[in-house]
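One letter stands for each residue in the lines below.
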Amino acid sequence: MGDGPPSLWEWIARNWDTGRAGSIRDLLSDHLLMSLVPIVAGLALALPLGLACIRWRWLYQPTAAVFNVLYALPSLPLFMLLISVTGLSPVTVIIPLIFYAMAVLIPAVVDGIRAVPEHVRQSAVAMGFTPLRRLVQVELPIAAPVVIAGLRVVAVSSISLVSVGALIGQGGLGMLFTRAYQNPFLPPVVVGIGLIVLLALVADGLLVLAQRLLTPWERARRAT
Amino acid sequence: MITFDAVTKRYPDGTVAVDRLGLEARTGEITVLVGPSGCGKTTSLRMINRMIDPSEGRILLDGAPVDTVDPPVLRRGIGYVIQQAGLFPHRKVVDNVATVPYLLGWNRKRARGRAMELLERVGLDPAMGERYPFQLSGGQQQRVGVARALAADPPVLLMDEPFSAVDPVVRTNLQDELIRLQAELNKTIVFVTHDIDEAIKLGDRVAVLRVGGKLAQVADPKTLLTEPADDFVREFLGRDRGIRRLQFVSTGGLRLRTDLTVREGADGRGDEPWLLALTAEGRAAGWLARGRPGELGPAGTFRHGRDSMRAALDAALLSPSGHAVAVDEQDKVVGVATRQALDEALTEAVHG
């Protein structure tokens, strides 16, 4: 503090909004976008795929195998592979993250919906639900806690993994780490870690809140 | 009326679940399908609301083939109750009951109002409407299941072993409640059970099915017990067929003696070995043995004219005197059926 290198707060104030690319604010919004898109797209793709895996049972094992292999691949080589297709753009980071999200969410959707008791499903059919209505009003609500649990894992890991993209120049807040690596200087690292953890906590909190609002019966069950 | 017209259900592997079933479930009656597991009773039931489609033959609902109606539309007009109630765990009880009204597009207020009405009708506190199903006992859940099936006032009710998963006391209550409800509602009910006692208690007509989905006999319960069509039916009805038949013999004709009672506290005199002590209200206090004043033995009672001979015989067996005490609706003693009187009535039941 004092003389020499600027303090943490001075550094933040100076770099928050420089009007040039690479300001903390820009990195934060890049990071948010690059982690949010995989979460939403992952869910949007995992839902129909999961449902297909329930409808055609034989589909589940191969699908799960493929996504598990994708999940096992380290992100960096995947980024490298994709650069030839999508170039040095955020999409190169987003695509592998969508795969990771799907690897977690497809089993969550399948397990969640399979956990709907058979007598509940049968009675929905017997009451005169159409298949779509049964899915939306009975099966998905009952599966919601399992799916949301999956989403919480996906949200936190996506937010954390975006920073690896810094190695190909697309890492959101992760860019602060490479910068600090090139020029040993602590404040960017602290800010990067702090903001990433903060983002993860906020995302997780929002999902917990969503679960509470979407599944009030679960809370009643815990209370008894 | 529901008509099974030579209905067969054959599965791709060749198993025949239902074999050329011809059966009518009359309007306003309870028709019970009973039989051992594998007799196709549930399959038959599910073909009515098209949860299963028959391989051959037709099912008619008031003369119209059910396969001409879109399944969801058909099902909204047919109440359905299953074994574990099948309530939606994520919906409050009131919304569970209002399920079919919601599907029919009623507004929320009207559907919930109707649901509350039905909760009361099946003997539940409407305050339970705000709970979730898991907060209810098994018996209460089953009542909610019945209320849900009745919500849109369907003329037809299908019940698939609805009372099998609850304990015997609750089961008896639920059965009595169904009989009471049916007296008010006059639905056309098809009821599936593997329990022959339940079938005989509830059914206006009972269809006995044998393994392989063949109809063995269809008759009213009394005829079934007196004239079983074949050995299979006889065996399925079980050993106590004779005793159970007494359920259908009225106690109305039983000869009663009114000279065997004495006021409680008074001494029993005369030659009778047993006298019935009465309370000031005229209810049975207990049996007095000659020579042992002040010692009261338990008195088994039956409602005269309303209970069956089976109940009267049971009452006699519970009394040390061996006599059954006949009481009216207010539990006041109207007389005593002696062993001799019971014997006469039994003789008549056997020959008549």
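Since the structure is predicted, the reported quantities are computational estimates derived from the model, not experimental observations.

The rules behind each value
Residues numbered from 1 in each chain as written. Chains lettered and ligands numbered in written order. Predicted model: local features only at pLDDT ≥ 70, side-chain atom pairs only at ≥ 80, totals over all residues. Heavy atoms only, no water. Helix = DSSP H or I, 4+ residues; strand = E, 2+ residues; numbered from the N terminus. Buried < 20%, exposed > 50% of the residue type's maximum accessible area, 1.4 Å probe, protein only. Contact = heavy atoms within 4.5 Å. Lys, Arg positive; Asp, Glu negative; His and termini not counted. Charge placed at Lys NZ, Arg CZ, Asp CG, Glu CD. Core = buried A, V, L, I, M, F, W, Y, C linked by side-chain atoms within 4.5 Å. Pairing = 2+ DSSP bridges. Axes fitted to C-alpha atoms, helices over the stretch in contact; angles between N-to-C directions. Parallel < 35°, antiparallel > 145°, perpendicular 65-115°, else oblique. Nonpolar A, V, L, I, M, F, W, Y, C, P; charged D, E, K, R; others polar. Buried area = accessible area lost by both parts, 1.4 Å probe. Salt bridge = Lys/Arg side-chain N within 4 Å of Asp/Glu carboxyl O. Polar contact = N/O pair within 3.5 Å; in protein donor to acceptor, adjacent residues only side chain to side chain.

**Student:** Tell me what's going on with the overall build of chain A, and back it up with residues and numbers.
**Tutor:** Along the backbone of chain A there are 10 helices and zero strands. Scanning chain A from its N terminus toward the C terminus, one meets helices and strands in the order α-α-α-α-α-α-α-α-α-α. The burial tally for chain A puts 45% of its 224 residues in the buried class. Intrachain contacts of chain A at a sequence separation of at least 6 include 71% that bridge at least 24 residues. Charge-centre separation for chain A: the mean point of 15 positive side chains lies 11 Å from the mean point of 10 negative side chains.

**Student:** Please set out the side chain of Gln142(B) residue by residue, giving values where relevant.
**Tutor:** Tracing the chain through its elements places Gln142(B) in helix 6 (residues 138-150). Filtering out sequence-adjacent residues up to four positions away, Gln142(B) remains in contact with Val81(B), Ile82(B), Gln83(B), Gln84(B), Ala85(B), Pro162(B), Phe163(B) and Leu174(B).

**Student:** Outline the nonpolar core, listing residues and values.
**Tutor:** Core analysis: the biggest nonpolar cluster contains 47 residues, and Val34(B), Val97(B), Val144(B), Met159(B), Phe191(B) and Val208(B) have the highest contact counts within it. Sort the elements by how many residues they give to this core and helix 6 of chain B lands first, with five residues. Beyond its immediate sequence surroundings of up to four residues, Met159(B) is in contact with Leu45(B), Val81(B), Val146(B), Leu178(B), Ile189(B), Val190(B), Phe191(B) and Val192(B). Counting residues in hydrophobic clusters, the runner-up holds 40 residues, among them Tyr60(A), Leu70(A), Leu195(A) and Ala203(A).

**Student:** Report on the pairing of strand 1 (residues 2-10) of chain B, specifying residues and quantitative values.
**Tutor:** All names here are of chain B. Strand direction decides the pairing type here: strand 1 and strand 4 (residues 56-61), joined by five bridges, are antiparallel. If you follow Thr8 over to strand 4, its bridge partner there is Glu56. From the end of strand 1 to the start of strand 2 (residues 16-25), which pair antiparallel, there are five residues, and Gly14 there has a positive phi angle of about 100°.

**Student:** Please provide a residue-by-residue account of the packing of helix 1 (residues 8-15) of chain A against helix 9 (residues 186-214) of chain A, values included.
**Tutor:** Residues and elements named next belong to chain A. Taken N-terminus to C-terminus, the directions of helix 1 and helix 9 make an angle of 75°; their axes are 9 Å apart at the nearest point. Considered as vectors, helix 1 and helix 9 are oriented roughly perpendicular to each other. Across from Leu8, Trp11 and Ile12 in helix 1, the residues of helix 9 making contact are Pro187, Pro188, Val190 and Val191. A breakdown of the residues in the contact of helix 1 with helix 9 according to their chemical character gives seven nonpolar, no polar and no charged.

**Student:** Outline the interface of chain A and chain B, supporting the account with residue identities and numerical values.
**Tutor:** At the interface, 21 residues of chain A touch 24 residues of chain B. Summed over both sides, the interface of chain A with chain B buries roughly 2100 Å², with 67% coming from carbon and sulfur. One can count zero salt bridges joining chain A with chain B. At the junction of chain A with chain B, the criterion picks out seven residue pairs in polar contact (both at pLDDT 80 or more). The element contributing the most residues to the side of chain A that touches chain B is helix 6 (residues 118-127) of chain A, with eight residues. Grouping the constituent residues of the side of chain A that touches chain B by class yields 12 nonpolar, seven polar and two charged.

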